[in-house]
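So the chains spell out like this:
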There are 4 protein chains.
Amino acid sequence: MTLAKPLPEYLVRRYHGWKATTFAENKGWYKRLAEDGQRPRAMVISCCDSRVHVTSIFGADQGEFFIHRNIANLVPPYAPDSDHHGTSAAVEYAVRTLRVNHLIVMGHSGCGGVQGCYDMCSGDAPELEETSSFVGRWMDILRPGFEKLEAGDRQDRLTALEKTSVLISIENLMGFPFVREAVEDGTLTLHGVWNDIADGSLESYDPETDRFVAI
Amino acid sequence: MTLAKPLPEYLVRRYHGWKATTFAENKGWYKRLAEDGQRPRAMVISCCDSRVHVTSIFGADQGEFFIHRNIANLVPPYAPDSDHHGTSAAVEYAVRTLRVNHLIVMGHSGCGGVQGCYDMCSGDAPELEETSSFVGRWMDILRPGFEKLEAGDRQDRLTALEKTSVLISIENLMGFPFVREAVEDGTLTLHGVWNDIADGSLESYDPETDRFVAI
Amino acid sequence: MTLAKPLPEYLVRRYHGWKATTFAENKGWYKRLAEDGQRPRAMVISCCDSRVHVTSIFGADQGEFFIHRNIANLVPPYAPDSDHHGTSAAVEYAVRTLRVNHLIVMGHSGCGGVQGCYDMCSGDAPELEETSSFVGRWMDILRPGFEKLEAGDRQDRLTALEKTSVLISIENLMGFPFVREAVEDGTLTLHGVWNDIADGSLESYDPETDRFVAI
Amino acid sequence: MTLAKPLPEYLVRRYHGWKATTFAENKGWYKRLAEDGQRPRAMVISCCDSRVHVTSIFGADQGEFFIHRNIANLVPPYAPDSDHHGTSAAVEYAVRTLRVNHLIVMGHSGCGGVQGCYDMCSGDAPELEETSSFVGRWMDILRPGFEKLEAGDRQDRLTALEKTSVLISIENLMGFPFVREAVEDGTLTLHGVWNDIADGSLESYDPETDRFVAI
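Starting from 1, residues in each chain are numbered consecutively following that chain's sequence as written. Written order determines the labels here, with chains lettered from A and ligands numbered from 1. Under the rules for a predicted model, residues below a pLDDT of 70 receive no local features and side-chain atom pairs below 80 are neither given nor counted, while totals for whole chains, interfaces and linings still include all residues. No hydrogens and no water enter the side-chain calculation; it runs on all heavy atoms of the structure.

A closer look at the interface of chain A and chain B
Thinking step 1. We call two residues contacting when some pair of their heavy atoms lies within 4.5 Å. Listed as interface residues are 98 residues of chain A and, on the opposing side, 98 residues of chain B.
Thinking step 2. Buried area between chain A and chain B, both sides added, is near 8700 Å², and the carbon and sulfur share of it is 66%.
Thinking step 3. What counts as a salt bridge is simple: a side-chain nitrogen of Lys or Arg found within 4 Å of a carboxyl oxygen of Asp or Glu. One salt bridge in this structure joins Glu64(A) and Arg14(B), with 3.1 Å as the shortest N-O distance.
Thinking step 4. Each polar contact in these results corresponds to two N or O atoms within 3.5 Å; when the atoms are within protein, one needs to be able to donate a hydrogen and the other to accept it, and residues that are neighboring in sequence are counted only if both atoms are side-chain atoms. The interface formed by chain A and chain B includes 38 residue pairs in polar contact (both at pLDDT 80 or more).
Thinking step 5. Numbered from the N terminus, helices here are DSSP runs of H or I no shorter than four residues, and strands are runs of E no shorter than two. The greatest single-element share of the side of chain A that touches chain B, amounting to 10 residues, is contributed by helix 1 (residues 9-25) of chain A.
Thinking step 6. Under the scheme applied here, ten amino acids are nonpolar (Ala, Val, Leu, Ile, Met, Phe, Trp, Tyr, Cys and Pro), four are charged (Asp, Glu, Lys and Arg), and all others, including Gly, are polar. Taken together, the residues of the side of chain A that touches chain B sort by class into 51 nonpolar, 30 polar and 17 charged. Two parts placed together each lose some accessible area under a 1.4 Å probe, and the buried area is that loss summed for both.

So this is what it looks like as structure tokens:
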């Protein structure tokens, strides 16, 4: 395979900086993480979006969060059909092997995937409707959410759909037998949050009022 | 849905700390990221493992990397079959919509997913062979790599398989028409790296020698 | 001295978060605490174990509890022999200088120190019997408790020994003339509790029945 | 033993509140901590003073820090003489059994123990010089620090002595063979910090300049 290239120079330089500082100062911790294996307390499912860093927001260091990131922080419905299911595999590993105690689904403002879904469902993005569109087929997971949106202006509806992507993921998670069992046992709790990138606010889903409220 | 719970208190406190410091000090940047949208230079595909933080290793800040994380940093083969393909959707979005210029696949030492694959292919993990095992079916992507491993001791072969997971992902990426096209146009370069958690070293795949070499 | 290192980066970030939130919001209180000095109502003696946080369990804030933490929440017998006695110094300061009104000794389930004592007294931990073992010599304080354990299975006897560590500490406390005097004057009361980490229960020693009972 | 009393009612009420909220929301985590045992990354040695809460300052939750608290955060010199050494036992357990990677000694402003040492060494506290004074004999550990104080006003000298208590502890720690070995192996790093209660600032000892600098 002759197509892979060396890393860009600026990343090589930064890596060497990290190695000589952060790594050097925490050498013992990295060694121990390597020897003892990971034991994260929580799994986080968040978006690939470059503007969303849960480790920064929650002051987490190496070893704290098992993190799966995909477009629009979606969990597909439970489907043990022998296909490749990357998200379901990550959830299975976190819950059954690592036995995490919290599973946090985090959505965010300005989500490109959610916007694509919105446009597709509105008939404005025919290219996403094609069989060959991976983004379109992935965002199909969120379609049931679009259909239940209340009337309103586009921006409000987009925000509502971003929050719905969190809730649909949590509903789908409950369809996985091992997730449901751990939740019912009290060994796992599910959490849904939404981050506004512009003003840094964080809203948490409150089941009592069925709304997202600022924390 | 009555099952979601409020965030654990310690994360709420840490979030408020982040909001009052990191966020407050970079408010203008977050606002601009929100208004202008993201424009990341690179996509990274790495493992969910809590011990692997590419943003830390590469000193990246909000807005720099579009990051997809799944078990064992795998990219499945191109399969436009209308199923939900989270990894393929992320790659499609990064390459076609965001037009990233680098796509870095990063493997790591002590990868639990790779070890599961190794044991499954060795006949030592029958539970992973079941149709209903999401981890098993996901790790099937790496099976062809197991079959080509050279003889040797278990630890050497596991490390070799971790590096193979990077190379298989890059090979599979080249099967996506839009990836191949961008690579051939010279607008996208692919990179394969492997991180040793214990000693912090980083090896980069060198196509000249067909080996991973320390950077 | 060239061996001390800067604090790990993640703790620096979290500290700045605390400073900008918890501290900023309670500035007046911290200032007054600094100017007036502390005036805690209670002293707590608990274990160093990272899973035991009396401030969390009792909702205590800065200024409420004077806290001494050592292995297995032990108080050694009164011995005014001019050696360094950290625990006795803490008790003396709390009772004579701060004149606390409550002195709470808190044990807990799964105590590593108590288990070490149990194994040592059972002849299963020869390394703890060496003169040079600080943990072994410290746990000698609990030896008389081991000898009085009722027959039973290992787990029951370990739990009994954890509770005994609380009672031996209270007995030893009564050997300190200034403690006895304050107790007899009615200005100080002693309390013994034991926390089960797994189920969050708290048991309090009841002198009437000579047992620990759930509160 | 008829002298122990039931817990004060206000603490019982607060405990029940904690059980119904914090504990209930993190049940899985507590269960797992109980089953798997603790695996703290750091040990902290801080003062018993009720105004100093390292878990709050560093946003730490159950399981993160192994904490020893004594008067003036002192570590006595290495003395394997078969006496009861609570501090040395805590250090031994943290370094040899738990294999913590960071050991943080934290001093603070307005430390009553340090002030007692200052007055005693100045000849102003004859009661602390008595053989029977546990506080006096404990603060003897800091005597060598008093003798090296530069001239200046009382307040500056007290602050200097508080910082010296951190440095003497670190020096004494290096006299423990297992601490020295772990430091030399790079598996353990030592850190010295000092907290100003009034203004919330935190200073970290910088070996390059041999001074405490604000972080």
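Brief notes about the packing of helix 4 (residues 86-97) of chain C against helix 10 (residues 177-185) of chain C
Residues and elements named next belong to chain C.
Thinking step 1. Axis lines are fitted through C-alpha atoms, for helices just across the contact stretch, and the angle between N-to-C directions can take any value from 0 to 180 degrees. Contact pair helix 4 / helix 10: the axes reach a minimum separation of 10 Å and the direction vectors enclose 35°. In this structure, the crossing between helix 4 and helix 10 has a hand that is left-handed. For the pair helix 4 and helix 10, contact is made by Val91, Glu92, Val95 and Arg96 and by Phe178, Val179 and Ala182, respectively.
Thinking step 2. Each residue belonging to the contact of helix 4 with helix 10 can be placed in one class, and the counts come to 5 nonpolar, no polar and 2 charged. With the far helix as reference, a near helix turned anticlockwise by less than a right angle produces a left-handed crossing, and one turned clockwise produces a right-handed crossing.

Concerning the side chain of Gln38(A)
Thinking step 1. As for its position among the elements, Gln38(A) is in the loop between helix 2 (27-36) and strand 1 (42-47).
Thinking step 2. Working definition: with a 1.4 Å probe on protein chains only, accessible area under 20% of the residue-type maximum means buried, over 50% means exposed, and in between means partly exposed. For Gln38(A), a relative accessible area of 13% puts it in the buried group.
Thinking step 3. Side-chain polar atoms of Gln38(A) contact the side chain of Asp49(B), separated by 3.2 Å.
Thinking step 4. Engagement of the side chain of Gln38(A) in a polar contact is seen with the side chain of Ser50(B), the distance being 2.8 Å.
Thinking step 5. With near-sequence residues (within four places) excluded, Gln38(A) lies in contact with Leu33(A), Phe66(A), Tyr93(A), Leu98(A), Asp49(B), Ser50(B), Arg51(B) and Arg39(D).

What to know about empty space enclosed by the protein
Thinking step 1. Here a cavity denotes a set of grid points, spaced 1 Å apart and computed over the protein atoms alone, in which a 1.4 Å probe fits but from which it cannot get out, and a pocket denotes an open set meeting protein on both sides within 12 Å along at least five of seven lines; residues with an atom within 4 Å of a point are reported as lining. Grid points are joined across faces, edges and corners, and a volume is the space filled by probe spheres set on the points. For the coordinates displayed, the defined rule picks out 13 cavities of 30 Å³ or more.
Thinking step 2. Taken as a whole, the largest cavity holds about 390 Å³ of empty space.
Thinking step 3. Around the largest cavity, the lining comprises 24 residues; the ones closest to its centre are Trp29(A), Glu64(A), Trp29(D), Gly63(D) and Glu64(D).
Thinking step 4. Every element with two or more residues in the lining of the largest cavity is listed here: helix 2 of chain A, helix 1 (9-25) of chain B, helix 1 (9-25) of chain C together with helix 2 (27-36) of chain D.
Thinking step 5. Of the residues assigned to the lining of the largest cavity, the class counts are 8 nonpolar, 6 polar and 10 charged.

Some thoughts on the interface of chain D and chain B
Thinking step 1. Contact with chain D, which involves 5 residues of that partner, is made by 4 residues of chain B.
Thinking step 2. Buried area between chain D and chain B, summed over both chains or domains, comes out near 460 Å², and the portion from carbon and sulfur atoms is 45%.
Thinking step 3. One can count 1 salt bridge joining chain D with chain B.
Thinking step 4. Summed over the shared surface of chain D and chain B, the result is 2 residue pairs in polar contact (both at pLDDT 80 or more).
Thinking step 5. Classifying every residue of the side of chain D that touches chain B by side-chain character gives 1 nonpolar, 2 polar and 2 charged.

A look at the UniProt feature "binding site: Zn(2+)" (unreviewed entry) in chain A
Residues and elements named next belong to chain A.
Thinking step 1. Those residues carrying the UniProt feature "binding site: Zn(2+)" (unreviewed entry) are Cys47, Asp49, His108 and Cys111 in this numbering. Spanning 65 residues, the annotated positions come together in the fold, the maximum distance between their C-alpha atoms being 9.0 Å.
Thinking step 2. Those residues in contact with Cys47, other than ones at most four positions away along the chain, are Arg69, Asn70, Ile71, Ala72, Asn73, Met106, His108 and Cys111.
Thinking step 3. Note on placement: His108 falls in strand 3 (residues 102-108).
Thinking step 4. Residue classification places His108 among the buried positions, given a relative accessible area of 1%.
Thinking step 5. Excluding its chain neighbours within four sequence positions, the residues that come into contact with His108 are Cys47, Asp49, Arg51, Val52, Asn73, Glu162, Trp194, Asn195 and Ile197. UniProt positions are given in the numbering used here, feature names are shortened, and annotations may be inferred rather than shown by experiment.

Considerations on the pairing of strand 6 (residues 211-214) of chain A
Thinking step 1. Pairing between strands is defined by DSSP: at least two bridges between the two strands are required. Direction of pairing for strand 5 (residues 202-206) of chain A relative to strand 6 of chain A: antiparallel, over a ladder of 4 bridges. Bridging across to strand 6 of chain A, Ser204(A) finds its partner in Val213(A).

As for unusual backbone geometry
Residue and element names in this part refer to chain A.
Thinking step 1. The phi dihedral of Asn73 is positive, around 45°, even though this residue is not glycine.
Thinking step 2. In this structure, Asn73 sits in the loop between strand 2 (65-70) and helix 4 (86-97).
Thinking step 3. For Asn73, a relative accessible area of 1% puts it in the buried group.

Focus on the environment of Phe66(D)
All names here are of chain D.
Thinking step 1. Summarising the element assignment, Phe66 is placed in strand 2 (residues 65-70).
Thinking step 2. Overall, Phe66 belongs to the buried group, its relative accessible area being 1%.
Thinking step 3. Along the backbone, Phe66 and His108 are 42 residues apart, and their C-alpha atoms lie at a distance of 19 Å.

Regarding the state of the cysteines
Thinking step 1. Disulfides are defined in this document as cysteine sulfur pairs within 2.5 Å. Within this structure, the stated rule accounts for 0 disulfides over all chains.
Thinking step 2. Residue Cys47(B) stays outside any disulfide, its sulfur separated by 4.1 Å from that of Cys111(B), the closest cysteine.
Thinking step 3. What makes Cys47(B) buried here is its relative accessible area of 4%.
Thinking step 4. Cys121(D) takes part in no disulfide bond, and the closest cysteine sulfur, belonging to Cys117(D), lies 4.0 Å away.

Topic: the domain arrangement of chain A
Residue and element names in this part refer to chain A.
Thinking step 1. Per the domain assignment, the segments of chain A are domain 1 (1-37) and domain 2 (38-214).
Thinking step 2. Residue ranges assigned to each domain were obtained from an automatic or database domain assignment. Placing a centre on the C-alpha atoms of domain 1 and another on those of domain 2 gives a separation of 29 Å.
Thinking step 3. Contact residues are listed per partner, giving 5 residues for domain 1 and 5 residues for domain 2.
Thinking step 4. Our count for the contact surface shared by domain 1 and domain 2 stands at 0 salt bridges.
Thinking step 5. In this assembly, domain 1 and domain 2 are joined by 1 residue pair in polar contact (both at pLDDT 80 or more).
Thinking step 6. For the side of domain 1 that touches domain 2, a count of residues per class yields 3 nonpolar, 1 polar and 1 charged.

Considerations on the relation of the copies chain A and chain B
Thinking step 1. Superposing the copies works by least squares over the C-alpha atoms of residues that have pLDDT at least 70 in both of them. You can overlay chain A on chain B at an RMSD of 0.1 Å; the transform is a turn of 180° with a shift of 0.0 Å along its axis. The two molecules are tied by a two-fold rotation axis, judged by turn and shift. For chain A, the smallest separation between a C-alpha atom and the rotation axis is recorded for Arg69(A), amounting to 2.5 Å.
Thinking step 2. Taken together, the interface assignments show that 100% of the residues at the interface of chain A recur at the interface of chain B, consistent with an identical surface on both copies.

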